[in-house]
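# Descriptive structure summary
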Amino acid sequence: MFRRTTRNLFALANALTLLLAAGIIHAASPSPQSPSTDECLACHSDKTLTTKRGSRTVSLFVDGKRFSSSVHGSLSCTACHADLEGKDLPHSTPLARVECGTCHSDEQKQHSHSLHGRAIARGDTLAPHCVDCHGNHDIVPVTDRNSAVAPLKVPFVCGRCHQEGTPVQTNRQIDQHNILENYSESIHGEALLKKGLIVAANCVSCHTAHNILPHTDPNSSINRRNIAATCTKCHAEIEEVHRKTIRGELWEKEAHVLPACVDCHQPHKVRNVYYAQGMADADCMRCHANEHLKASDGRSMFVSAAEIAASRHAHPRTQAVPVSCSQCHSEVNVSRVRPCETITHPVDCSKCHEDQGQQYQRSKHGQLLAAKDPNAPSCRDCHGTHRVLDKRDPESRTFATRVPELCGSCHREGQKAAVRYVGTQHEIIRHYQESIHGKGLLKSGLTVTATCTNCHTAHMVLPKSDPQSTVNPKNVPATCGACHHGIEEQFEQSVHSRLVTKTDKDLPVCNDCHSAHTIRRTDETGFMLDIMDKCGRCHQEIAKTYFDTYHGKVSRLGYTKTAKCYDCHGAHDILPVADPRSHLSRANVVATCQKCHASATRRFAGYLTHATHHDPKKYPFLFWTFWGMTTLLVSTFVLGGMHTLLWLPRAFQMRRDLKAEEAREETARANGAGAEGKATAEEDHRAH
Amino acid sequence: MPTDLDLQSPELRSPDQPRPLGPERKRPDREFVRFTRLQRALHACMIISFLSLATTGLTLKFSYTGWAAMVSRFLGGFQVAGFIHRTAAILMFGVFVTHLYNLVQLKKREYKSWRALVLGPDTMLPTPQDLRQFLATMKWFIGMGPRPQYGRWTYWEKFDYFAVFWGIAVIGSTGLTLWFPIFFTRFLPGSFINIATVIHSDEALLATGFIFTVHFFNTHLRPEKFPMDTTIFTGHMPLAELKRDKPLEYEALVASGRLESYMEEPQPEIVVRTIRAFAWIALSIGFSIVVWIIYAMLFAYK
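Procedures and definitions
Residues numbered from 1 in each chain as written. Chains lettered and ligands numbered in written order. Predicted model: local features only at pLDDT ≥ 70, side-chain atom pairs only at ≥ 80, totals over all residues. pLDDT = per-residue confidence, 0-100. Contact = placed C-beta atoms within 7 Å. Pairing = 2+ DSSP bridges. Helix = DSSP H or I, 4+ residues; strand = E, 2+ residues; numbered from the N terminus. Nonpolar A, V, L, I, M, F, W, Y, C, P; charged D, E, K, R; others polar. Buried ≥ 20, exposed ≤ 12 C-beta atoms within 10 Å, placed from the backbone. Arc of directions from axis to C-beta. Core = buried A, V, L, I, M, F, W, Y, C linked by C-beta atoms within 7 Å. Axes fitted to C-alpha atoms, helices over the stretch in contact; angles between N-to-C directions. Parallel < 35°, antiparallel > 145°, perpendicular 65-115°, else oblique. Left-handed = near helix turned anticlockwise from the far one by under 90°.

### Focus on the confidence of the model for chain B
Residues and elements named next belong to chain B. Per-residue pLDDT for chain B averages 86, and the proportion of residues at 70 or more is 90%. Scored below 50 in pLDDT, residues 1-25 shows 26 contacts in the model against residues more than four places distant or in partner chains. The ipTM, which scores confidence in the relative placement of chains, is 0.86 for this predicted complex, and the corresponding pTM is 0.64.

This is the structure:
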């Protein structure tokens with residue numbers, strides 16, 4: 001059974017192969033003569049020639065004259081009606097639909113992807129084919145004003161379907177209404193239709209001719225992202241005139257955060273009227289001026305007009321008019337009764353404050369926000385919302401003197417930022433307030449004093465470990481140098497600078513000696529004494545030997561009127577002793593000593609400020625002096641001590657004897673012994 | 001047979017003779033004068049000077065102890081401490097010079113020649129007798145002989161005496177180097193300041209340590225003298241004590257008949273009390289310093 005089936009299949013395959021071969025041979029052979037244009041017109045020039053399509057009677061008349069003057073006049077009928085190729089006349093009906101795409105492949109492709117093309121594919125009978133717009137046998141170039149799609153005619157071509165009462169408008173989902181009507185009354189429509197300005201925008205200027213897509217499609221020319229590009233095809237650099245706050249490139253690059261043209265200039269209704277600034281604000285305030293307005297989750301949606309009027313946005317630096325609601329709440333759609341119902345994203349300040357926005361996104365705060373951390377501060381946590389003020393305004397939360405408090409609201413001990421912090425800096429705010437910067441800012445009211453943001457930056461706050469951070473050791477000198485420039489210049493030439501010393505080891509930067517948040521005046525006793533321990537953290541041996549000398553001992557007792565590390569080595573301009581610029585170089589050392597020892601000489605400068613008697617190699621004379629003295633000391637004590645210890649038992653014996661004698665005398669006296677007896681006892685004692 | 005001198009001692013006096021002091025029954029009428037007023041004054045100055053030098057100096061030597069910082073602050077800071085140290089040093093030099101001057105006077109007045117002073121029986125210089133007494137003392141210590149008969153100056157007293165000479169020479173010279181480093185480095189290398197520091201500091205440690213332990217014990221804390229021997233302060237010592245501790249001197253004095261000239265009324269009670277108070281303070285400071293040194297050397301050494 002199985003074998004028979006196989007044999008049958010084989011026979012079938014053979015038969016098919018033969019048939020195919022026959023077909024190829026047939027195709028290769030010269031085809032029968034295709035009907036010529038004249039032959040076609042022999043019948044189709046008859047104006048009464050009709051046919052029935054469904055219930056409709058359709059004329060089959062072709063105007064030979066107009067055809068021959070059309071763009072396709074040089075082509076034969078069968079070039080388009082390809083299914084008549086090689087057919088004998090009269091041909092059978094109906095003919096297949098002409099495929100314009102055979103030649104106009106790009107347009108065809110666009111069309112088939114377009115709203116119209118997809119409707120056709122869906123089998124929507126209302127969907128337009130090429131012929132519905134362009135006509136058939138009488139197509140002329142679009143520049144010809146007789147063209148069915150000449151600019152002046154386009155509104156009506158489109159309007160055939162897209163106007164009130166048409167099946168398309170009635171039965172299909174079209175958001176816009178009175179399209180043709182509105183257009184004809186719009187500034188574009190007036191220009192085109194009344195003034196005959198054929199460069200004025202018509203339907204296809206915005207919607208394109210073949211690539212018509214719904215506005216929700218990101219590729220659509222009328223998508224929010226593209227609308228600016230579409231409008232600026234004609235209204236070049238409109239943004240320059242329009243909103244000076246908005247960078248031209250933003251409009252196209254970040255259209256999603258900006259109000260699109262059509263948000264104000266509604267499609268099809270664009271009027272030649274003055275769109276007053278704040279008009280939208282008034283619209284918003286219609287609802288939001290209500291103090292009791294609440295969101296569904298209970299948040300107050302009240303917006304205080306007074307707050308906004310007092311804010312920085314009411315008189316921005318970069319534009320002549322106040323910033324309007326919709327400039328921040330950009331997704332509003334004025335075509336809605338509630339323009340705000342289309343808002344889906346929170347306010348994005350970076351659409352105007354682009355640099356700050358980018359910095360913020362790079363910052364730890366921004367990273368946390370991106371990670372959806374509930375503790376992450378966003379713009380408004382520091383700057384507020386409607387009452388945003390300039391940082392130079394003393395009322396502002398970001399005014400210099402209020403910055404520590406502002407940062408402290410999270411970074412104070414026990415607050416949310418401090419709680420998650422695992423580094424070594426604690427009591428940041430309290431320490432800062434007690435530091436020289438904190439006192440300068442808060443007690444002396446010097447607003448130029450460094451506050452949190454001067455070192456950490458306002459928007460690009462990064463942890464110390466991040467190489468981009470302003471408080472990363474690599475960047476600290478520059479950060480401090482922003483104010484202490486002269487010191488930075490000195491420091492960058494010193495042996496501690498990364499620019500001078502190339503090493504893998506950690507080199508000290510400003511905060512290693514001065515600390516970060518507890519920076520003190522350098523003429524404070526505490527600082528001056530601490531600094532030696534700071535040097536000693538790296539220079540352990542040399543610091544230890546310093547404490548063996550008079551200078552070190554006095555310092556250790558807590559007094560500063562003696563040479564400390566930086567008195568000799570310099571503070572920021574420390575250089576190796578071998579460097580001729582060093583304070584301790586041969587040329588400079590005497591002058592350095594003379595800072596304190598006014599009449600110091602070169603030989604005096606030979607005093608070993610780091611000498612130790614523990615190093616026999618480096619300081620043999622000190623070492624041997626010390627051990628000589630120690631030997632003397634120990635031997636003296638041993639001899640003296642032994643002498644004393646040996647004496648002790650005898651001394652006790654003597655004490656006992658004396659006591660006994662005294663007691664004897666007492667007894668003798670108590671017994672009323674006379675002077676004689678006493679004298680005798682005394683004599684006895686003497687005789688001993 | 002009682003000598004005329006013996007009759008002066010209260011113990012030998014007739015019981016019907018009224019005792020001059022009621023409650024202080026043992027208080028003798030007359031006492032042996034061991035030290036002159038000047039010697040006592042010099043010793044007192046020496047104590048003041050030595051304690052000041054030790055206290056202020058050790059704050060630097062043991063600057064790593066909290067005690068040092070406290071003492072230094074109490075004194076008014078390292079500069080005041082330095083001032084005290086130098087003032088006390090001047091006083092010490094003064095004591096030294098005065099003593100030398102006194103020696104010259106002594107030679108003129110009593111000995112006529114240096115030879116007599118230096119080689120006489122009361123010499124401060126070590127003599128063969130000192131060596132013999134030292135060996136005899138060692139025997140006595142180990143129970144192989146009687147207590148030697150000491151003279152006016154025992155060998156340990158002579159040692160103490162010359163220790164001061166040595167100390168003044170060593171500590172004084174290095175101290176001056178540290179005081180005037182710029183002057184001294186005009187002819188000495190700068191590193192000599194470092195050496196001077198080591199010597200000054202260690203010799204001072206030796207001096208303080210020795211005085212506050214060995215010297216204190218030998219003269220004050222010996223059980224038979226405990227708690228202190230006030231002779232150096234009052235200048236007086238009971239005759240019985242002279243007989244017991246310095247029998248050779250006593251016998252020599254008796255033999256030469258000069259003993260009477262060394263007997264004096266005891267110091268007034270108030271003077272003795274004041275002296276005791278002073279001595280107690282000095283002793284306490286000395287002991288505190290010893291404790292401090294031990295603590296600093298053994299427990300806080302860095």
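### What to know about the sheet that holds strand S1 (residues 31-33) of chain B
All names here are of chain B. If you walk across this open sheet you meet the 3 strands as S2-S1-S3, and the pairing is antiparallel. The sheet terminates laterally at strand S2 (236-237) and strand S3 (263-264), the two strands that pair on one side only. For S1 and S3, the ladder comprises 2 bridges, and the chain directions are antiparallel. By the bridge assignment, Glu-31 is partnered in S3 with Glu-264.

### Points about the interface of chain A and chain B
Where the parts come together, the accessible area they lose is often given as the size of the interface. With 45 residues of chain A at the interface, the matching set in chain B holds 42 residues. Elements that contribute at least two residues to the side of chain A that touches chain B include exactly helix H33 (550-556), helix H36 (620-670) and helix H37 (675-687) of chain A. For the side of chain A that touches chain B, the leading source of residues is H36(A), giving 20 residues. Broken down by class, the residue content of the side of chain A that touches chain B amounts to 25 nonpolar, 12 polar and 8 charged.

### Here we look at helix H13 (residues 224-231) of chain A
For H13(A), the full list of buried residues reads A:Arg224, A:Ile227, A:Ala228, A:Thr230 and A:Cys231. The buried residues of H13(A) occupy an angular sector of 160 degrees when projected down its axis, which confines them to one face.

### Looking at the nonpolar core
Judged by nonpolar contacts, the single largest core of 31 residues is most densely connected at B:Phe50, B:Leu53 and B:Ala207. Contributing elements (two or more residues each) for this core: helix H2 (37-61), helix H3 (66-75), helix H4 (78-111), helix H9 (191-221) and helix H13 (269-299) of chain B. Broken down by element, the residue count for this core peaks at 9 residues, all from H9(B). Excluding anything up to four places from it in sequence, B:Leu53 contacts B:His85, B:Ala88, B:Ala89 and B:Met92. Core analysis: the next-biggest nonpolar cluster, separate from the first, contains 15 residues, A:Cys382, A:Cys452, A:Val476 and A:Cys510 among them.

### Some thoughts on the packing of H4(B) against helix H7 (residues 155-179) of chain B
All names here are of chain B. Close contact between H4 and H7 brings their axes to 12 Å; oriented N to C, the two are set at 140 degrees. As far as their axial angle goes, H7 and H4 are oblique. The crossing of H4 and H7 is left-handed. In contact with Arg-86, Ala-89, Met-92, Phe-93 and Phe-96 of H4, H7 contributes Ile-168, Gly-172, Gly-175 and Trp-179. Residue classes in the contact of H4 with H7 are distributed as 6 nonpolar, 2 polar and 1 charged.

### Re the environment of A:Leu180
Considering the arrangement of structural elements, one finds A:Leu180 in helix H10 (residues 179-185). Along the primary structure A:Leu180 and A:Gln163 are separated by 17 residues, whereas in three dimensions their C-alpha atoms are 5.6 Å apart.

### Considerations on the packing of H2(B) against H13(B)
Residues and elements named next belong to chain B. Where H2 meets H13, the closest approach of the two axes is 11 Å, and the angle between their N-to-C directions is 25 degrees. The orientation of H2 relative to H13 falls into the category roughly parallel. H13 is crossed by H2, and the crossing has left-handed handedness. In this structure, H2 uses Ile-47, Leu-51, Ala-54, Thr-55 and Leu-58 to contact H13, whose residues at the interface are Ala-282, Ile-285, Gly-286, Ile-289 and Trp-292. Tallied by class, residues from the contact of H2 with H13 come to 8 nonpolar, 2 polar and no charged.

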